[in-house]
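Architecture at a glance
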Amino acid sequence: MANVIKLRKGLDIHLQGKAEEKKIQLKSKGQYALVPDDFEGITPKVIVREGDHVLAGDALFVNKQYPEVKFASPVSGTVREVVRGERRKVLCVKVDADAQQEFADYGKKDVAKMDGKAVVDALLEAGIFGYINQLPYAVSTNPTVMPKAIFVSALRDKPLAADFEFEVAGQEADFQTGLTALSKIAKTYLGIGVGSKLEGMKDAEVTVFDGKCPAGNVGVQVNNIDPVNKGEVVWTIGDPTVVLFIGRLFNTGKVNLTRTVALCGSEVNSPAYVDMLVGEELSTLLSNSYDAQKSVRIINGNVLTGKPTTKEGFLGAHASEITVIPEGNDADEILGWILPRFKQFSVNRSYFSWLCGKKQYALDARIKGGERHIIMSGEYDKVLPMDIYGEYLIKAIISGDIDRQEALGIYEVSPEDFALAEFVDSSKLELQRIVREGLNLLRKENA
């Protein structure tokens, strides 16, 4: 019987455009790109040249600080371009896929007979290890420090989030193999939602999280099961598809970075699911999927934590949604907040829409106000189901007080934990960016 943890804090935002549980078929143009910025905290060193031929599973770049951590090409093909930005920063490595795909063979393995070191070595060799993150600092982990535990969240509960239960259907064996492999490294915890079909998974301690968003955040689950103290390290997988990547590697001996992505949002004509490879071009997916005459925001990921992108962008390494919502730059409202606003969402009942129950809203990307002083009103605490003082932590980060940041629990948090707080924040602060800067400062100080 799985443990059940009930969370009272949080907020569910009901948006229009949730993907229907049906899959559409795409024919890719064969253009792919792996983006180093998708892997937080790494400094990429490209190990291929333009014109080189690579197999699916061959490394395109490595982490300069830990060269054994490779990042695999999702397809076989020819390296078309290494795109660089200011100060020669690597923005992405583009690959033109072969018509007939070839895979690097890493050999099938029986994870039941492997130890933790053998599992880590296999993940490093195949270029998948970098998809695992860690707390503290919420960065791509390194193989030099073993964790006290590994946490996997299979609960996606952000607005318009892709349903992992739909994705994993038929792939339960790969998911189980992935969990078994992780359990060889350290004690593994699996967080799921109420009524999940994954409750019977073995080789992991299963915990049911009963509550509103962000109950699915892996940082929230760590905080409620086994908090991270200074000097401790836990590995986290907030993107459960990574467990499928790991399971496929051991079951087939090949790197298969296919994931099921939700094309969603109020501006999408027919929201649905599609199977795509990490780094696959978005132009095929987004062509004719929305009204090109409208001003829209295309988001690589979900509406709370995703990154703005364009039709010319590529699927992020951890993105399980491509979301299209109105930009809002053409909105023209008379009398502003004075109107009753039945079509606008409000957390604090400023609008009459709170009378409409679980109505679905077509929200746009406007901030609706300028940056202002922090109001100590307890807003963050209402949507942050963690045992920390969110507002005081943000103030400590802004002021650069490292001792106070440590005392207030910065080692336990990641930027996504403050996504909902950023949404409800009356001060209009970019909380996720502030938390990331604070974590980067601490990581640099403690190096």
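Thresholds applied
Residues numbered from 1 in each chain as written. Predicted model: local features only at pLDDT ≥ 70, side-chain atom pairs only at ≥ 80, totals over all residues. Heavy atoms only, no water. Helix = DSSP H or I, 4+ residues; strand = E, 2+ residues; numbered from the N terminus. Rg over C-alpha atoms; globule rule 2.2 N^0.38 Å. Buried < 20%, exposed > 50% of the residue type's maximum accessible area, 1.4 Å probe, protein only. Contact = heavy atoms within 4.5 Å. Areas by Shrake-Rupley, 256 points an atom, 1.4 Å probe, with all protein chains shown as cover. Lys, Arg positive; Asp, Glu negative; His and termini not counted. Salt bridge = Lys/Arg side-chain N within 4 Å of Asp/Glu carboxyl O. Pairing = 2+ DSSP bridges. Axes fitted to C-alpha atoms, helices over the stretch in contact; angles between N-to-C directions. Core = buried A, V, L, I, M, F, W, Y, C linked by side-chain atoms within 4.5 Å. 1 Å grid on protein atoms, 1.4 Å probe; cavity = no way out; pocket = protein on both sides within 12 Å on 5 of 7 lines; lining within 4 Å. Points joined across faces, edges and corners; volume = space filled by probe spheres on them. Parallel < 35°, antiparallel > 145°, perpendicular 65-115°, else oblique. Nonpolar A, V, L, I, M, F, W, Y, C, P; charged D, E, K, R; others polar. Expected span 1.5 Å × (residues − 1).

What to know about the overall build of the protein chain
On a plain count of helices and strands, the protein chain comes out with 11 helices and 19 strands. Here the C-alpha radius of gyration of the protein chain, 22 Å, is about what a compact globule of 447 residues would show, namely 22 Å. Principal axes of the C-alpha set define a box for the protein chain whose edges measure 65 × 50 × 50 Å. Split into buried and exposed, the 447 residues of the protein chain put 54% on the buried side. Long-range contacts, defined as pairs at least 24 residues apart, comprise 68% of the intrachain contacts of the protein chain with a sequence gap of at least 6. Element-wise, carbon and sulfur atoms account for 48% of the exposed surface of the protein chain, whose accessible area totals about 20500 Å².

Remarks on the side chain of R248
Tracing the backbone through its elements, the reader meets R248 in helix α5 (residues 241–252). Although R248 is buried, it forms no salt bridge, and the closest oppositely charged side chain is D174 at an N-O distance of 4.3 Å. With residues near it in sequence (within four places) discarded, R248 still touches Q171, D174, G253, K254, N256, L257 and T258.

Quick look at the sheet that holds strand β16 (residues 272–277)
The strand order across the open sheet built from five strands is β16-β15-β19-β17-β18, with neighbouring strands paired in mixed fashion. For this open sheet the edge positions go to β16 and β18 (307–309), each flanked by a neighbour on one side alone. Taken pair by pair, the neighbouring strands of this sheet meet at an average axis angle of 30°, ignoring direction. In terms of strand pairing, strand β17 (residues 296–300) meets β18 through three bridges, oriented antiparallel. Bridge pairing in β18 places N300 opposite K307.

Some points on the environment of P44
Within the secondary structure, P44 sits in strand β3 (residues 44–46). Here P44 falls in the partly exposed class, since its relative accessible area comes to 21%. For the pair P44 and K89, spaced 45 residues apart in sequence, the C-alpha to C-alpha distance is 8.6 Å. Contacts of P44, omitting those with residues within four sequence positions, involve P36, F61, V62 and V90.

Some words on the pairing of strand β7 (residues 77–84)
One ladder, built from two bridges, connects strand β4 (residues 53–54) with β7; its direction is antiparallel. Among the inter-strand pairings, V54 is bridged to a residue of β7, identified as G77. In this structure, the hairpin formed by β7 and strand β8 (residues 90–97) is closed by a connection of five residues, where R87 is found at a positive phi of approximately 55°.

A closer look at the nonpolar core
Core analysis: the largest hydrophobic core is formed by 67 residues, its most contacted members being F61, V93, Y131, F175, L190, I246 and F250. The greatest single-element share of this core, amounting to seven residues, is contributed by α5. Sequence-distant contacts of L190, defined by excluding residues within four places in its chain, comprise V152, A154, F175, L179, L198, M201, A204, E205, V206 and T207. In this structure, I5, C264, Y361 and L442 belong to the second largest nonpolar core, which totals 55 residues.

Side note on the layout of surface pockets
Of the volumes computed, that of the second largest pocket is approximately 650 Å³. If you trace the second largest pocket, you find 30 residues lining it, with K18, L155, R156, D157 and K158 closest to the centre. For the lining of the second largest pocket, the elements supplying multiple residues, two or more each, are α2 (164–168) and β13 (205–210).

Digging into the environment of V145
In this structure, V145 sits in the loop between β10 (139–140) and β11 (149–153). Considering only alpha carbons, one finds V145 and G409, 264 residues apart in sequence, at a separation of 21 Å. When near neighbours in sequence (up to four residues on either side) are disregarded, V145 contacts V233 and W235.

Here's the deal with the packing of helix α1 (residues 116–126) against α5
At their nearest, the axes of α1 and α5 sit 11 Å apart, and the two run at 95° to each other. Our classification of the angle between α1 and α5 gives roughly perpendicular. Contacts from V119, A122, L123 and A126 of α1 reach α5 at I246, L249 and F250. Among the residues forming the contact of α1 with α5, the class breakdown is seven nonpolar, no polar and no charged.

A word on helix α3 (residues 172–183)
When the terminal C-alpha atoms of α3 are compared, their 16 Å separation across 12 residues agrees well with the 16 Å that a helix rising 1.5 Å per residue should span. Summarising burial for α3: nine of the 12 residues are buried, a large majority. For α3, the complete set of buried residues consists of D174, F175, Q176, T177, G178, L179, T180, A181 and L182. In the core, the buried residues of α3 are packed alongside α1, β11, α2, β12 (188–192), β14 (234–237) and α5.

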